[in-house]
Amino acid sequence: MKEEEEDWTLVIEPRSSLFDLQLKEVWRYRDLLQLFVRRDFVAVYKQTILGPIWFFIQPLFTTIIFTFVFGRVAGISTNGVPPLLFYMAGIISWNYFAECLNTTSTVFITNANIFGKVYFPRLITPLSIVFSNMLKFGVQLALFLVVFIYYLVTTDLIQPNFYLLLVPFLIILMAALGLGFGMLISSMTTKYRDLKFLVTFGVQLAMYASPVIYPLSSLPEKYRFIILANPMSGIIETFRFAFLGAGELNLNYLVYSTLFTIVIFFIGLVIFNKVQKSFMDTV
Amino acid sequence: MSTAIKVENLSKQYRLGVLGTGTISHDLNRWWHQVRGKEDPYLKVGETNDRTSKGNSEYVWALRDINFEVQQGEVLGIIGKNGAGKSTLLKLLSRVTSPTTGSIKARGRIASLLEVGTGFHEELTGRENIFLNGAILGMTKAEIRSKLEEIISFSGTERYIDTPVKRYSSGMRVRLAFAVAAHLEPEILIVDEVLAVGDAEFQSKAIGKMQDVAQGEGRTVLFVSHNMASIQTLCTRGILMSNGQVHTDHTVAEAISQYLSLNTKDTSTSYKASPDAINDYVWIESAFIESNDSINNQVMTGQDITIIVKYRAKELGLKCSLHVGVYNHFGDKILHLGSIYGGFDTFLTEKFGTIQCKIPRLPLVEGKYTVNFSLHVDGRPFHRIEDAVALFVENGDYFGNGKLPNPRESKVLVDQSWSVI
């Protein structure tokens, strides 16, 4: 009997190690991840006439409104950068993070139907959310680049610099931060839904505690720490500085964001992994 | 042959009632015990899962200390009444949820068809959904691509394959979904009641495919169904579950017969109304079966029998009719008899009376049957008696030549006359 027990390929037990993340299995299901991303991306704009153009319209209009309300009416400084570029850079970054967070945070509840019937590594679903939002972000980034190049050619208000090399890293940070928070929240809302209510408006409010609509430099020194506590602040500031060369770049902020992201991501991953095994009983 | 699945001391506890503010105290208590390294206090309190009787505990054991092994290539049928724990067991096996205690060990990939069509996306076409559904069930894209043609032709939806699934009829959806699932190639396949869907043609196709999977390809299959006939044809071994425990683990035939005896409510030769039925306008007072002019529920195929129903009424002149249903021991309705088919549309009630239905040459094959009665007033069911009388039929010489088809092949017999012309 003993020698036979060695070669089980699957052992299902009530408790397993907290750090047994089964990433190998996630890798085996990579095709599913790809198909989910495709589904999300393709299915959203089926039966619309404008199709993927809607991806542009949303950030474009938000930018125009922000430019008008915050730039013209409220007169908030943009550090001498064209307001259109200033707001768009902030909005697309923040939107990417916020969408990753919002969608991931309800992943157990919205997918209870399918999770209740078949098993696949649950982590695939939040990952697919992050990737399909990344595609969307890519489309919006392209729009941003068009506006960016226009200003680059016609004016000398912006000074892109070698920090542009950091942009892919910044995108990964935004994704990981949204994913980490989202997994954490989704795991905590399977049983008690209270947190769900906090998330929706919490994310909205958090945008105002980040340099999306004003440059960090416009804040008095003594309030800055509030804004800088938001891990997205460092990311957005760096993103904007890389493209526009305005504002202030403090790599310490970015280091803080990175560490924060790593911690949140792993806590989220571990808790998600623990909850996924039996959340069906309580969802 | 090696063991494909080994289930040891498997238990699953569920909590009843609503989750809310009140339940957090239990969670905190459980967590506090865990922190101190003590045993979960609520694991001791659960009750067995008998749905019908009200319990005292908030916790029930949907499964309690299940042990069994499945050999590779075996087709195991799992049967039991509703709430016996079958579905919970399958959920644990397919990792939809995790056990409370105990373990499951398996060799090879497990795929489950708990419900077909999971994850179909309405907006995507049939073809896109084949890929999506296949991937959800654990296939890689390459695997699906190599079987795409086969899947499409098995489903019989060639014409619609590039149309969004939301335009499909429910039957087409199921066909497509089953086609994907049937082409999975896991070492262990879990099937729950999927054969209950689709039309007769598709069902037989599906059963055929299941048989190929199990017998031809030597894979292990766990099959849950209420359909004893398909269990009997597909399975090599049977497990009967009852109240979250394994009741019988034996051959299919033995498990089924245990299941049926578990189900037997009444084997009475005649029905007699209990006093509390008597308050109505009209009620069936007694019912029984006669053969050879005496009350007898043990008859032979081909014998003349008479079903006799005596009623009483408080209200006179009601327009009544009688219906009789005959069910075989699998619970399938074999015959439906009604006074409207061979006698009178309605009769008017008197204080009491007797209705009889003669069946010449009983066409039922050997087996145990139960008879239900239903008294209709003004065309609507009024007084219904389920499992009123048991009817035992033994082989008799129906055709007058000593020959009879296998009872499994033919549920009823009809006169037939053959000739070469």
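Residues numbered from 1 in each chain as written. Chains lettered and ligands numbered in written order. Predicted model: local features only at pLDDT ≥ 70, side-chain atom pairs only at ≥ 80, totals over all residues.

### Some words on the overall build of chain B
Applicable threshold: Only runs of H or I of at least four residues qualify as helices and only runs of E of at least two qualify as strands under DSSP, and these elements are numbered from the N terminus. Using C-beta atoms placed from the backbone, we call a residue buried if 20 or more other C-beta atoms fall within 10 Å of its own, exposed if 12 or fewer do, and partly exposed for counts in between. We call two residues in contact when the distance between their C-beta atoms, placed using the backbone, is within 7 Å.
When helices and strands are tallied, chain B shows eight helices and 21 strands. By residue count, 37% of the 421 residues in chain B fall in the buried class. Taking the contacts inside chain B whose residues are at least 6 apart along the sequence as the reference set, 69% of them involve residues at least 24 apart.

### Notes on the overall build of chain A
On a plain count of helices and strands, chain A comes out with 12 helices and one strand. In sequence order, the secondary structure elements of chain A are arranged as β-α-α-α-α-α-α-α-α-α-α-α-α. Structurally, chain A occupies a C-alpha span of about 80 × 50 × 35 Å along its principal axes. A buried classification covers 40% of the 283 residues belonging to chain A. Of the contacts formed within chain A by residues at least 6 apart in sequence, a portion of 80% connects residues at least 24 apart.

### Some thoughts on the sheet that holds strand β8 (residues 220–224) of chain B
All names here are of chain B. To keep it simple, the criterion reads: Only when DSSP finds a minimum of two bridges between them are two strands counted as paired. In this description, a line fitted to the C-alpha atoms serves as the axis of each element, helices being fitted only across the stretch in contact, and the angle between N-to-C directions of two axes falls anywhere from 0 to 180 degrees.
The strand order across the open sheet formed by six strands is β6-β7-β8-β4-β9-β10, and the pairing between neighbours is mixed. If you trace the sheet from one side to the other, it starts and ends with β6 (110–113) and β10 (245–250), each paired once. Averaged over all pairs of adjacent strands, the angle between their axes in this sheet comes to 20°, without regard to strand direction. Here strand β4 (residues 75–80) pairs with strand β9 (residues 237–242) via five bridges, running parallel. From the neighbouring strand, I79 faces β9, where its bridge partner is L240.

### Some remarks on the nonpolar core
We apply this condition: By convention in this section, buried Ala, Val, Leu, Ile, Met, Phe, Trp, Tyr and Cys residues joined through C-beta atoms within 7 Å make up a nonpolar core.
In this structure, L32 and A89 of chain A together with I78 and F223 of chain B are the most contacted members of the largest nonpolar core, which totals 132 residues. In terms of residues, this core owes the most to one element, helix α4 (residues 83–105) of chain A, which gives 13 residues. F223 of chain B has contacts with V75, L76, G77, I78, V191, I231, L234 and C235 of chain B, leaving out every residue within four places of it along the chain. In this structure, I305, L362, L391 and V393 of chain B belong to the second largest nonpolar core, which totals 28 residues.

### Some words on the environment of N133 of chain B
Residue and element names in this part refer to chain B. Relative to the helices and strands, N133 is located in helix α3 (residues 126–136). Judged by the 27 C-beta atoms lying within 10 Å of it, N133 falls in the buried class. Separated by 13 residues in sequence, N133 and F120 place their C-alpha atoms 6.4 Å apart. Among residues more than four places away in sequence, those in contact with N133 are G119, F120, A177 and V180.

### Comments concerning the interface of chain B and chain A
Frequently, the measure chosen for interface size is the accessible area removed from exposure when the parts meet. Threshold: The classification used treats Ala, Val, Leu, Ile, Met, Phe, Trp, Tyr, Cys and Pro as nonpolar, Asp, Glu, Lys and Arg as charged, and all other residues, Gly among them, as polar.
Each partner contributes residues to the interface: chain B has 34 residues there, and chain A has 26 residues. For the side of chain B that touches chain A, the secondary structure elements donating two or more residues are β5 (101–106), β6 and α3 of chain B. In terms of residue count, the dominant contributor to the side of chain B that touches chain A is β5 of chain B (five residues). Within the side of chain B that touches chain A, the residues separate by chemical class into 15 nonpolar, 13 polar and six charged. The pairing of strand β1 (residues 10–12) of chain A with β5 of chain B spans three bridges and is antiparallel. Each residue of the ladder has a partner; that of L10 of chain A, found in β5 of chain B, is A106 of chain B.

### Brief notes about the domain arrangement of chain B
In plain terms, the rule: Throughout the structure description, domain borders are defined by an automatic or database domain assignment.
Domain boundaries assigned for chain B yield domain 1 (3–7 + 64–263) and domain 2 (270–394). Distance from the C-alpha centre of domain 1 of chain B to the C-alpha centre of domain 2 of chain B: 40 Å.

### Some remarks on unusual backbone geometry
All names here are of chain B. The backbone phi angle of R95 is positive, close to 65°, even though this residue is not glycine. Here R95 is to be found in the loop between α2 (86–93) and β5. A residue is classified by how many C-beta atoms lie within 10 Å of it, and R95, with 18 of them, is partly exposed.

### Notes on α3 of chain B
Most of α3 of chain B sits inside the fold, with 10 of its 11 residues counted as buried. When we look at burial in α3 of chain B, the residues that qualify are G126, E128, N129, I130, F131, L132, N133, G134, A135 and I136 of chain B. Buried residues along α3 of chain B sit against α2 (30–44) of chain A together with α4 (141–155) and α5 (170–182) of chain B. Just past α3 of chain B, the residue G138 of chain B takes up positive phi, approximately 105°.

### Considerations on the pairing of strand β21 (residues 380–394) of chain B
All names here are of chain B. Across three bridges, the pairing between strand β14 (residues 298–300) and β21 is parallel. Across the sheet, residue M300 finds its bridge partner in β21, namely E394. Linking two consecutive strands that pair antiparallel, namely strand β20 (residues 367–377) and β21, is a turn of two residues; a positive phi of about 50° is found at D378 within it.

### With respect to the confidence of the model for chain B
The test is simple: Values of pLDDT, ranging from 0 to 100, describe the predictor's confidence in every residue of the model.
When pLDDT is averaged along chain B, the result is 82, and 89% of the positions lie at 70 or above. The ipTM assigned to the predicted complex is 0.81, against a pTM of 0.73.

### A short note on the packing of helix α3 (residues 53–73) of chain A against helix α7 (residues 124–154) of chain A
All names here are of chain A. This is how it is decided: Here the word oblique covers every angle except those under 35 degrees (roughly parallel), over 145 (roughly antiparallel) and from 65 to 115 (roughly perpendicular). Left-handed describes a crossing in which the near helix is turned anticlockwise from the far one by less than a right angle; the clockwise case is right-handed.
Relative orientation of the contacting elements α3 and α7 amounts to 60°, with a least axis distance of 9 Å. If you check the angle between α3 and α7, you find them oblique. Crossing of α3 over α7 shows right-handed handedness. Contacts between α3 and α7 involve F55, F56, P59 and L60 on the former and, on the latter, K136, V139, Q140 and L143. Of the residues belonging to the contact of α3 with α7, the class tally is six nonpolar, one polar and one charged.

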